[in-house]
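# What the coordinates show
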Amino acid sequence: MDDTTGRVVAEVGPRLRALRLRRQVTLAELSTATGISVSTLSRLESGQRKATLELLLPLARAHGVPLDDLVGAPATGDPRVHIRPITRYGQVILPLSRGSGGLQVFKHVIPASAPKGEPTPQVHEGYEWMYVIKGELRLVLGEHDIVLPAGEAAEFDTRTPHWFGRAGEGSVEFLSLFGPQGQRMHVRAAPARD
């Protein structure tokens, strides 16, 4: 093993530990999410266990990061972003930000073929900001039932019961910025001109 490879392998454990701590996840929680025992996870983080693909793949999935981030792979110089769409609740969700901590950005596409369904409001920790790009988005927020057309935005504490879906007959596309720790979106307007 050359010096570069040895250094990369030696840095995997501390990188795994730092990522887990930044996400505020315990070894027990990570064990439940990955199916890897707590003792194996602990030995991986301390460098007492060699990282293998069988261990790194479920860890990358659980942390929501590319495998390259776990091993500290060098940048390829390719500026393209390779987005992996997620299909959930009849909609396509495109993660536009990398990593799993802090503010996350998503593009949502709810096709016209998706059933409208009855609202089933949910609550969770965090703060969300939405901006409708195309179509009409129905947002049920607490006792409010609002239709947001293209160009409108909404922001709310996700501890308020909320649900969103198509309002019109066509598809709807919108951006959402979500902060799991309650980060809020800050919009600065240009100064007024004389």
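It should be noted that the structure appears before, not after, this text.
Below you will find a few notes about this structure. Note that the structure is a prediction, hence the values are computed from the model and not measured.

This paragraph deals with the nonpolar core. Judged by nonpolar contacts, the single largest core of 15 residues is most densely connected at Leu16, Leu41, Leu59 and Leu70. Contributions of two or more residues to this core are made by helix 1 (3-22), helix 2 (27-34), helix 3 (38-46) and helix 4 (53-63). Ignoring sequence-local partners within four residues, the contact set of Leu41 consists of Leu27, Leu30, Ser31, Ile36 and Leu59. One finds Met130, Val132, Leu139 and Leu141 within the second-largest nonpolar core, a separate group that totals 13 residues.

Moving on: the layout of surface pockets. Roughly 820 Å³ of volume is contained in the second largest pocket. Taken together, 25 residues form the lining of the second largest pocket, with Arg88, Tyr89, Gln91, Ile93 and Phe164 sitting closest to its centre. Taken together, the elements giving at least two residues each to the lining of the second largest pocket come down to strand 1 (86-88), strand 2 (91-95), strand 3 (104-110), strand 8 (162-166) and strand 9 (172-179). Counting residues per element, the lining of the second largest pocket draws most heavily on strand 8, at five residues. Of the residues contributing to the lining of the second largest pocket, the split by class is ten nonpolar, ten polar and five charged.

Where helix 2 meets helix 3, the closest approach of the two axes is 9 Å, and the angle between their N-to-C directions is 110°. Judged on the interaxial angle alone, helix 3 and helix 2 are roughly perpendicular. Two packed elements cross with a definite hand, and for helix 2 against helix 3 that hand is right-handed. Here helix 2 contributes Leu27, Ala28, Leu30 and Ser31 to the contact with helix 3, which in turn contributes Val38, Leu41, Ser42 and Glu45. Split into classes, the residues belonging to the contact of helix 2 with helix 3 amount to five nonpolar, two polar and one charged.

Next up on the list: the sheet that holds strand 9. The strand order 1-2-3-9-4-7 describes an open sheet built from six strands, whose pairing is antiparallel. What marks the edges here is a single partner per strand, and that holds for strand 1 and strand 7 (153-157). Strand after strand, the sheet turns through a mean of 25° between neighbouring axes, direction not considered.

What follows deals with the side chain of His162. Assignment of secondary structure puts His162 in strand 8. From its side chain, His162 meets the backbone oxygen of Thr160 in a polar contact 2.9 Å long. Setting aside anything within four residues of it in sequence, one finds His162 in contact with Thr120, Pro121, Gln122, Val123, His124, Val140, Leu141 and Phe156.

Rules and cut-offs
- Residues numbered from 1 in each chain as written.
- Predicted model: local features only at pLDDT ≥ 70, side-chain atom pairs only at ≥ 80, totals over all residues.
- Heavy atoms only, no water.
- Core = buried A, V, L, I, M, F, W, Y, C linked by side-chain atoms within 4.5 Å.
- Buried < 20%, exposed > 50% of the residue type's maximum accessible area, 1.4 Å probe, protein only.
- Helix = DSSP H or I, 4+ residues; strand = E, 2+ residues; numbered from the N terminus.
- Contact = heavy atoms within 4.5 Å.
- 1 Å grid on protein atoms, 1.4 Å probe; cavity = no way out; pocket = protein on both sides within 12 Å on 5 of 7 lines; lining within 4 Å.
- Points joined across faces, edges and corners; volume = space filled by probe spheres on them.
- Nonpolar A, V, L, I, M, F, W, Y, C, P; charged D, E, K, R; others polar.
- Axes fitted to C-alpha atoms, helices over the stretch in contact; angles between N-to-C directions.
- Parallel < 35°, antiparallel > 145°, perpendicular 65-115°, else oblique.
- Left-handed = near helix turned anticlockwise from the far one by under 90°.
- Pairing = 2+ DSSP bridges.
- Polar contact = N/O pair within 3.5 Å; in protein donor to acceptor, adjacent residues only side chain to side chain.

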